[in-house]
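Chain by chain, the residues run as shown.
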Amino acid sequence: MKDGRSEAVGIMRKFINWLYGVLKRYTAIAALIALLLVWFGVDAGLYKNYAIIIVYFITGILPAWIWSAYDWKKNTVRKYDSGIIGSCFGGIDRASLKFRKGMRFLFSGSFNASLNCFQETAEFRLTDRETAVLDFYKGMCYRNMGYPTNSAQYFVKSIAEGINHPDAYLNAARGYSRAECINEAKELYDKLFELDYHKIYYDFLYTDMGMMYVRTQHPDEAIGYFNQGIEAGMDVQSAYGGLALAYLLKKDAEKSCEYYRKAVLSNQPDRESFIAYFRDSADACGMHDLPVLSEETAKTEA
């Protein structure tokens, strides 16, 4: 009985999905036909008969607009980023359709295609808020394509245009951090701390800043931020790993090994990657004979 009911539910879902597709196609086609009829009606002098235009609007354009707005409102991408997108790009105008196409590309991993769509969207007449939203997602494209400076610049631009969202600050800070623009990154990280976003959203901000200073060979600053994270109880496992790396830079084998062991024993996220990264860093620092590396090799061979 249960199998039969499950099969019936499956068939119903397939039917609903099919009907959904038909309705989407119908509204698009109906809108196109309505526009053509209105256009040719005006050319033929039928515009005096307002009833005809009203009928065209009701039967074609209005349903298409309502369905498009409903579809966008229920769209998973929009729901996920509703705090950023808001009510922008919800119509059936060319800018909205082009933007939504870009979003589909973005969330499917086609970042070049997505960026192209967003650049084409920018050529239309947009509101200030839509321009800000567009710049935010251009930043997302550049981030995912591996261009941190471009990414950071677009996120900062979106902030200046009114996107007061923690993700904009975080992505801008990380972009500048990866581009080794320390002063710009620190300014944005400080803003996140000032807004208490490290308490509300991001418990890894101390670790983020610490790793920025590790990458740029400033171990003392890195150690300060890692210790602050540990004292606050935020992202402690990663902070232990960061301290192990920072003390490598200072050639302090004893402390580096101490924090390495703490990181490995405290369920360090992505443990194997951390061990490999630590080993490579030790080699780069000329400290390949650390006791903990010998211990790890022995465990692996056993």
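Below or above, wherever it landed, is the structure these notes cover.

Rules used in this analysis
- Residues numbered from 1 in each chain as written.
- Predicted model: local features only at pLDDT ≥ 70, side-chain atom pairs only at ≥ 80, totals over all residues.
- Heavy atoms only, no water.
- Helix = DSSP H or I, 4+ residues; strand = E, 2+ residues; numbered from the N terminus.
- Buried < 20%, exposed > 50% of the residue type's maximum accessible area, 1.4 Å probe, protein only.
- Core = buried A, V, L, I, M, F, W, Y, C linked by side-chain atoms within 4.5 Å.
- Contact = heavy atoms within 4.5 Å.
- Axes fitted to C-alpha atoms, helices over the stretch in contact; angles between N-to-C directions.
- Parallel < 35°, antiparallel > 145°, perpendicular 65-115°, else oblique.
- Left-handed = near helix turned anticlockwise from the far one by under 90°.
- Nonpolar A, V, L, I, M, F, W, Y, C, P; charged D, E, K, R; others polar.
- Salt bridge = Lys/Arg side-chain N within 4 Å of Asp/Glu carboxyl O.
- Polar contact = N/O pair within 3.5 Å; in protein donor to acceptor, adjacent residues only side chain to side chain.
- Expected span 1.5 Å × (residues − 1).
- Arc of directions from axis to C-beta.

## Description of the environment of Glu 123
- Mapping Glu 123 onto the fold places it in the loop between helix 6 (111–121) and helix 7 (128–145).
- A relative accessible area of 68% places Glu 123 in the exposed class.
- Along the sequence, Glu 123 and Ala 95 sit 28 residues apart, while their C-alpha atoms lie 8.5 Å from each other.

## As for the nonpolar core
- Residues Tyr 137, Tyr 189, Phe 278 and Leu 290 are the most contacted members of the largest nonpolar core, which totals 71 residues.
- Filtering out sequence-adjacent residues up to four positions away, Leu 290 remains in contact with Leu 248, Ala 253, Cys 257, Phe 278 and Ala 282.

## Some details on the packing of helix 9 (residues 166–178) against helix 10 (residues 182–194)
- Where helix 9 contacts helix 10, the two axes come as close as 8 Å, and the packing angle between them is 155 degrees. As far as their axial angle goes, helix 10 and helix 9 are roughly antiparallel. Considering only the axes of helix 9 and helix 10, their crossing is left-handed. On helix 10, the residues that touch Pro 166, Tyr 169, Leu 170, Ala 172, Ala 173, Arg 174, Tyr 176 and Ser 177 of helix 9 are Glu 184, Ala 185, Leu 188, Tyr 189, Lys 191 and Leu 192.
- Among the residues forming the contact of helix 9 with helix 10, the class breakdown is ten nonpolar, one polar and three charged.

## Some details on the pattern of salt bridges
- What the rule picks out here adds up to eight salt bridges.
- Between Lys 98 and Glu 120 there is a salt bridge, with its nearest N and O atoms 2.8 Å apart. Of this pair, Lys 98 sits in helix 5 (residues 94–107) while Glu 120 sits in helix 6; the two residues are 22 residues apart in sequence, bridging distant segments of the chain.
- We classify Lys 98 as partly exposed; its relative accessible area is 23%.
- With its nearest N and O atoms 3.1 Å apart, the salt bridge here joins Glu 272 to Arg 271.

## Here we look at the environment of Asn 144
- Relative to the assigned elements, Asn 144 resides in helix 7.
- Sequence separation of Asn 144 and Ser 110 is 34 residues, and the distance between their C-alpha atoms is 9.7 Å.
- Those residues within four positions of Asn 144 in sequence are excluded, and the remaining contacts are Leu 106 and Phe 111.
- Among the polar contacts made by the side chain of Asn 144, one reaches the side chain of Arg 143 at a distance of 3.1 Å.

## Points about the side chain of Thr 207
- Mapped onto the fold, Thr 207 is located in helix 12 (residues 205–215).
- Sequence-distant contacts of Thr 207, that is, excluding residues within four places in its chain, are made with Phe 226, Asp 235, Ser 238 and Ala 239.

## What about the packing of helix 7 against helix 8 (residues 148–160)?
- Here helix 7 crosses helix 8 at 160 degrees, and the two axes come no closer than 8 Å. As summarised for this structure, helix 7 and helix 8 are arranged roughly antiparallel, according to the angle between their axes. The crossing of helix 7 and helix 8 is left-handed. Residues Ala 132, Asp 135, Phe 136, Lys 138, Gly 139, Met 140, Tyr 142 and Arg 143 of helix 7 form the contact with helix 8, whose participating residues are Asn 150, Ser 151, Tyr 154, Phe 155, Lys 157 and Ser 158.
- In terms of residue class, the contact of helix 7 with helix 8 is made up of six nonpolar, four polar and four charged.

## Examining helix 8
- Relative to the 18 Å expected for 13 residues at 1.5 Å per residue, helix 8 spans 18 Å between its end C-alpha atoms, a close match to the ideal helical length.
- Every buried residue of helix 8 is accounted for by Ser 151, Ala 152, Phe 155, Ser 158 and Ile 159. Along the axis of helix 8, the buried positions cluster into a sector of 125 degrees, meaning they face one direction only.
- Tucked inside the fold, the buried residues of helix 8 contact helix 7, helix 9 and helix 10.
- The positive-phi residue at the C-terminal boundary of helix 8 is Gly 162, with phi of around 120 degrees.

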